[in-house]
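# Observations on the model geometry
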Amino acid sequence: TNAGVCTMCERGGFYADTTGRIGSTSHCACNPCKNGTWSSEAGASDPNEDCEVCPSGTKTDAPAGYRACACLDDFSRTDRFGACSSCTGIVGIDCVADARVLQKGYFWVYPTPAQEHGYLSFTDDLQHESGYNASLAFFNGSYPPVYACPFEKNCLGVTKESAAACLE
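Here's a quick rundown of the structure. This one's a predicted model, so the numbers in the text were calculated from it and none came from an experiment. (Residues numbered from 1 in each chain as written. Predicted model: local features only at pLDDT ≥ 70, side-chain atom pairs only at ≥ 80, totals over all residues. Heavy atoms only, no water.)

## Remarks on the nonpolar core
Rule in force here: Put simply, a nonpolar core is a bunch of buried Ala, Val, Leu, Ile, Met, Phe, Trp, Tyr and Cys residues held in one set by side-chain atoms that sit within 4.5 Å of each other. Categorising residues by exposure relies on relative accessible area from a 1.4 Å probe, with only protein chains included: less than 20% of the type maximum marks a residue as buried, more than 50% marks it as exposed, and the intermediate range marks it as partly exposed. Numbering of helices and strands runs from the N terminus; a helix is a DSSP stretch of H or I covering at least four residues, while a strand is a stretch of E covering at least two. When checking whether two residues touch, look at their non-hydrogen atoms; a contact exists if any pair is within 4.5 Å.
The biggest cluster of nonpolar side chains holds eleven residues, and these are Cys 87, Ile 93, Cys 95, Ala 99, Leu 102, Trp 108, Tyr 110, Tyr 119, Phe 122, Leu 126 and Phe 139. If you list the elements that add at least two residues to this core, you get β7 (93–96), β8 (99–102) and α2 (113–126). Non-local contacts of Tyr 119, meaning those with residues more than four positions away in its chain, are made with Ala 99, Arg 100, Trp 108, Tyr 110, Phe 139 and Tyr 143. Cys 54, Cys 69, Phe 81 and Tyr 132 belong to the second largest nonpolar core, which has seven residues in total.

Spelled out as structure tokens, the structure:
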């Protein structure tokens, strides 16, 4: 807790169900909305009025959480709290944990290093169940084209420094 003080529930699937409830975390009176629903606003207090249906392409059989409703398998997102899009049929791409990742033997080149850094930061932060960085809740860029590596062994895949590293 923050010096023993409870803080407002975050958006993304939690609500405070009773006043005066005491817990051991900073969001002491927060509980998940029912499966298939989430709270799009911070500070929600009424599960019947504040919890809404999860966006399209998301799971409806699990509680939401701070990342909101998790994407269905083989779906990805560019908004932590938004809809998810299918990755089916995109050559060289897999969707894992709500993010697009390159398959082995493929690479992409972002138009600018800043855009590449933005995507890597967004996908890294997307994996946090709590304590997410609100400034990284969206990826505002677009995905670059995916290319097959001419020599598969030279394609290193995604690293912390690069969205697609290749040997010279």
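## Some details on the pattern of salt bridges
Heads up, the condition is: What counts as a salt bridge is simple: a side-chain nitrogen of Lys or Arg found within 4 Å of a carboxyl oxygen of Asp or Glu.
All told, the structure shown has three salt bridges when counted by the stated rule. Linking Lys 59 and Asp 73 is a salt bridge whose minimum nitrogen-to-oxygen distance equals 3.8 Å. Of this pair, Lys 59 sits in the loop between β4 (51–53) and β5 (75–76) while Asp 73 sits in the loop between β4 and β5, and the two are 14 residues apart along the sequence. Assessed through its relative accessible area of 30%, Lys 59 is described here as partly exposed. In this structure, the salt-bridge partner of Asp 125 is Arg 80, at a minimum N-O distance of 3.7 Å. Note that Asp 125 is positioned in helix α2 and Arg 80 in the loop between β5 and β6 (85–86), a separation of 45 residues in sequence. Here Asp 125 and Arg 80 have matching classes, each one buried.

## With respect to α2
Definition in use: Expected span of a helix, by definition, is 1.5 Å for each gap between consecutive residues, and there is one gap fewer than residues.
Helix length check: α2, at 14 residues, gives a terminal C-alpha distance of 20 Å against a target of 20 Å (1.5 Å per residue), a fit within 8%. When we look at burial in α2, the residues that qualify are Gln 115, Glu 116, Tyr 119, Leu 120, Ser 121, Phe 122, Thr 123, Asp 125 and Leu 126. The secondary structure elements touched by the buried residues of α2 are β8 and β9 (106–108).

## Considerations on the packing of aromatic side chains
Threshold: By convention, a stacked pair of Phe, Tyr or Trp rings (six-membered ring in the case of Trp) has centres within 6.5 Å and planes under 30 degrees apart, an edge-to-face pair has planes over 60 apart, and any other such pair is tilted.
Tallying each qualifying case throughout the model produces eleven aromatic pairs. Centroid distance Phe 107 to Tyr 147: 5.5 Å. Interplanar angle 35 degrees. Geometry classified as tilted. One end of the pair, Phe 107, is in strand β9; the other, Tyr 147, is in strand β10 (residues 146–148), and 40 residues separate them in sequence. Since its relative accessible area comes to 39%, Tyr 147 is described here as partly exposed. Ring centres 6.4 Å apart and planes at 90 degrees place the aromatic pair Tyr 110 and Phe 139 in the edge-to-face group.

## A word on the pairing of β7
Put simply, the rule is: When DSSP locates at least two bridges between a pair of strands, those strands are taken to pair.
Side chains of β7 alternate between two faces, with Ile 93 and Cys 95 buried and Asp 94 and Val 96 left unburied. The sheet contact formed by β7 and β8 spans four bridges and is antiparallel. Bridge pairing in β8 links Cys 95 to Arg 100. Turn length for the β7-β8 hairpin, with the two strands adjacent in sequence and antiparallel, is two residues, and the turn residue Ala 97 shows positive phi of about 50 degrees.

## Structural notes on the state of the cysteines
What counts here: The disulfide criterion used throughout: a pair of cysteine sulfur atoms within 2.5 Å.
Enumeration over the complete set of coordinates arrives at four disulfides. Two residues share a disulfide in this structure: Cys 54 and Cys 69, whose sulfurs sit 2.0 Å from each other. With the S-S bond torsion at -70 degrees, the cross-link from Cys 54 to Cys 69 turns out left-handed. Note that Cys 54 is positioned in the loop between β4 and β5 and Cys 69 in the loop between β4 and β5, a separation of 15 residues in sequence. Across the pair, exposure class does not vary: Cys 54 and Cys 69 are buried alike. In this model, Cys 87 is linked to Cys 95 through a disulfide, with the two sulfur atoms separated by 1.5 Å. A relative accessible area of 12% places Cys 95 in the buried class.

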